[in-house]
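Next come the chains, spelled out residue by residue.
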Amino acid sequence: MSQVPWISVSEARSAASTGKSVELRGWLRTRRDSKGGFSFLEINDGSCLGNLQVVAPGELSNYESVVKNLSVGCSLIVTGEIKASEGQGQATEMLATSVQMIGDADPQTYPLQKKRHTFEKLREWAHLRPRTNTFGAVTRVRNRISFSTHQFFQEEGFLYIHTPIITASDCEGAGQMFRVTTLPAENPPRDPQGKVDFSKDFFGRSAYLTVSGQLEGEIFATACGKIYTFGPTFRAENSNTSRHLAEFWMIEPEAAFFDLNDNMALAERYVKRILKDVLNDCAEDMQFFDERVEPGLIAALKVVLDKPFERISYTEAISILEKSGEKFDYPVSWGSDLQAEHERYLTEKHVQGPVILYNYPAAIKSFYMRMNEDGKTVAAMDVLVPRVGEIVGGSQREERLDRLLARMKELGLSEQDYWWYLDLRRFGSVPHSGFGLGLERIIQFVTGMQNIRDVIPFPRYPGSAEF
RNA sequence: UCCCCUGUAGCUCAGUCGGUAGAGCAGCGGACUGUUAAUCCGCUUGUCCCAGGUUCGAGCCCUGGCGGGGGAGCCA
């Protein structure tokens, strides 16, 4: 059909495209009619934040019939020559020789207007919000972080492992789980006690959506050395906050022969790699977030990039909080978990940047974390960042069979349920460590977006699974 | 799940002491020799979240429900 190459808006905006005759395909963001009898059309195709300004001359055969009626949101194919722009604000523009409307968008009923919408309203239009500047930018940053994740771990020699989404283990201990069943909700089979008989279910037992790939990750780490997972994770908690989702994406590296220090260093390198790549490769999007979403964002991220992450043991953190002179709503005491206000003090006031807290009291952490020599704390670590809080949670795992069994007994966990997990300690056990990083949380941190529901394409949370 | 706030035009909101609703933006029409949140003039737009109740009369007061936001807990 067309004689000229189809290029992206991103490419067309580069000065290197000047003089080329090309075709662009995208959506109209705004139309301005000039006094001179021609129109400016701004086209976006998702390839970048900015639009390309297309000058549609009045001489076009369909100028009066089509061009003058183009409205926000319609799809277009335009051809013409890329020229240096006569106006301010853009390097290049297209002088169109043809403007073809592909699909219209009735301005009377198209929800998106040429004005700012609140994120709350946009959430109701999740099928249209990728067409806005903010969500386009979030989408590109999310993509860049995903790509960096694979690049980083691959370059570090980690194998990408696909751990199961459906798990039969009901005791992963990381929160409420969604049950997976094919039993009829009305009148399911029941055992003699009248309870639902899940032995008749699809898998012959209860099954759930995964809350973590860690335990399966350990299986591969104790065979292949260094592995990572990157997939969806599900929590059926009734949590309603700006940093929780029922379905989210998590990256979980697990490495044999890594101790807690290796683990903390890995987390720091990984987070910094993400920041570096996003700042370098999503500069225009990041500029947008810096101007419109979180002033000072870029400068703050650059500081994070340049400074080593502060490492503070739980015990030190308690003493810092006690000496802070701050008035906290919740008391600070050794042995109890840190409250959000405590974490906020540490990241936002005390170090003004990321903090790695480590060696937590065993009582407030999971059974699989390695007991320290003091017999009171475990080799756990959390990475906390300003604004968002915890983005990484991890630990060195308990590799000593007797210690692990003792701990499980203490917590009333059944050996049988974990037979294969315990086998890893029976046969060729090694010290090993890993962590989970919440993809959406690091996107929040990097973009400055306040609500986690606005950094995932289709958020799932209690009472909400539209789209 | 708990605490606080909130729900009025397509969007953002105002609405006094209880007397049947208004502004900006958007849209539509017009004007204007390159605009870029274009500008200027004119016009249109309502299940006042839902269900009860009080009252001569409810957008406003009361009760219940639903939705949204902020904070807390759970965590990534």
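Structure: above.
Bear in mind that the values here come from a model prediction, so they are computed numbers and not experimental data. (Residues numbered from 1 in each chain as written. Chains lettered and ligands numbered in written order. Predicted model: local features only at pLDDT ≥ 70, side-chain atom pairs only at ≥ 80, totals over all residues. Heavy atoms only, no water.)

Undergrad: Even after reading the chapter, I still don't get the sheet that holds strand β7 (residues 166–167), so can you show me in this structure?
TA: In a beta sheet, neighbouring strands pair by backbone hydrogen bonds and run either parallel or antiparallel. Pairing is antiparallel across the open sheet formed by three strands, whose spatial order is β7-β9-β8. The sheet terminates laterally at β7 and β8 (179–180), the two strands that pair on one side only. Pairing analysis gives two bridges linking β7 to strand β9 (residues 207–209), with the strands arranged antiparallel. The partner of I166 across the bridge, within β9, is L209. (Pairing = 2+ DSSP bridges. Helix = DSSP H or I, 4+ residues; strand = E, 2+ residues; numbered from the N terminus.)

Undergrad: Sorry if this is basic, but what is going on with the protein's contact with RNA strand B here?
TA: In the vicinity of RNA strand B, 53 residues are found, and the nearest of them are K35, R123, T241, H244 and R441. For RNA strand B, the backbone makes up 55% of the atoms found within 4 Å of the protein, where backbone means sugar plus phosphate. A distance of 2.9 Å separates a phosphate oxygen of RNA strand B from a polar side-chain atom of K114. Breaking the surface near RNA strand B down by element, the ones donating at least two residues are β1 (21–33), β2 (39–44), β3 (52–56), α2 (119–124), β11 (247–256), α9 (340–350), β15 (389–396) and β16 (432–438). The greatest single-element share of the surface near RNA strand B, amounting to four residues, is contributed by β15. Partitioned by chemical class, the residues of the surface near RNA strand B number 13 nonpolar, 22 polar and 18 charged. (Near = heavy atom within 4 Å. Polar contact = N/O pair within 3.5 Å; in protein donor to acceptor, adjacent residues only side chain to side chain. Nonpolar A, V, L, I, M, F, W, Y, C, P; charged D, E, K, R; others polar.)

Undergrad: Would you mind going over the pairing of strand β5 (residues 92–103) with me for this structure?
TA: Regular strands show a simple pattern: their side chains alternate between the two faces of the sheet. As defined by bridge partners, β3 adjoins β5 across three bridges and the pair is classed as parallel. Paired with V55 across the strands is L95, a residue of β5. Pairing of strand β4 (residues 75–84) with β5 involves ten bridges; the strand directions are antiparallel. Its bridge partner being in β5, S75 is matched across the sheet by G103.

Undergrad: Could you clarify how one ought to interpret a nonpolar patch on the surface in this entry?
TA: On the surface, I165, I166, F202 and F203 cluster together to form a nonpolar patch covering roughly 380 Å² of accessible area. Given a relative accessible area of 34%, I165 falls into the partly exposed group. (Patch = residues over 30% accessible without salt bridge, like charges linked within 9 Å, V, L, I, M, F, W, Y side chains within 5 Å. Areas by Shrake-Rupley, 256 points an atom, 1.4 Å probe, with all protein chains shown as cover. Salt bridge = Lys/Arg side-chain N within 4 Å of Asp/Glu carboxyl O. Buried < 20%, exposed > 50% of the residue type's maximum accessible area, 1.4 Å probe, protein only.)

Undergrad: When you look at the sheet that holds strand β13 (residues 355–361) in this model, what are you seeing that I'm missing?
TA: The mixed open sheet is built from eight strands, whose spatial order is β6-β10-β11-β16-β15-β14-β13-β12. Only two strands of the sheet have a single neighbouring strand rather than two, namely β6 (159–160) and β12 (310–313). Direction of pairing for strand β14 (residues 377–385) relative to β15: antiparallel, over a ladder of six bridges. Opposite A380, over in β15, you have S395 as the bridge partner. Packing of helix α4 (residues 214–224) onto the sheet brings it into contact with β6, β10 (226–234), β11 and β16, and relative to β11 it is tilted by some 30 degrees. (Contact = heavy atoms within 4.5 Å. Axes fitted to C-alpha atoms, helices over the stretch in contact; angles between N-to-C directions.)

Undergrad: So what exactly am I meant to see when it comes to the pattern of salt bridges here?
TA: Pairing is possible between side chains of opposite charge, provided their charged atoms come close. Per the counting criterion, the structure on display carries 26 salt bridges. Close ionic contact of R397 with E254 constitutes a salt bridge, the shortest N to O distance being 2.8 Å. Of this pair, R397 sits in the loop between β15 and α10 (401–410) while E254 sits in strand β11; the two residues are 143 residues apart in sequence, bridging distant segments of the chain. Note on R397: relative accessible area 2%, which makes it buried. E254 sits in the buried class, given a relative accessible area of 3%. One network of salt bridges, in which partners are shared, links R144, E155, R273, D277 and D281.

Undergrad: Teacher, can you tell me more about the packing of α4 against helix α11 (residues 419–426) here?
TA: Each pair of packed helices gets described by two things: the angle between the helix axes and the distance between those axes. In contact at an axis separation of 10 Å, α4 and α11 are set at 30 degrees when each is read in the N-to-C sense. The orientation of α4 with respect to α11, classified from their angle, is roughly parallel. Seen along the crossing, α4 lies across α11 with a hand that is left-handed. Along its contact with α4, which presents Q214, L215, E216, E218, I219 and T222, the element α11 presents W420, Y421, L424 and R425. Per-class residue counts for the contact of α4 with α11 are five nonpolar, two polar and three charged. (Parallel < 35°, antiparallel > 145°, perpendicular 65-115°, else oblique. Left-handed = near helix turned anticlockwise from the far one by under 90°.)

Everything listed is a geometric property; what it means functionally is a separate question.
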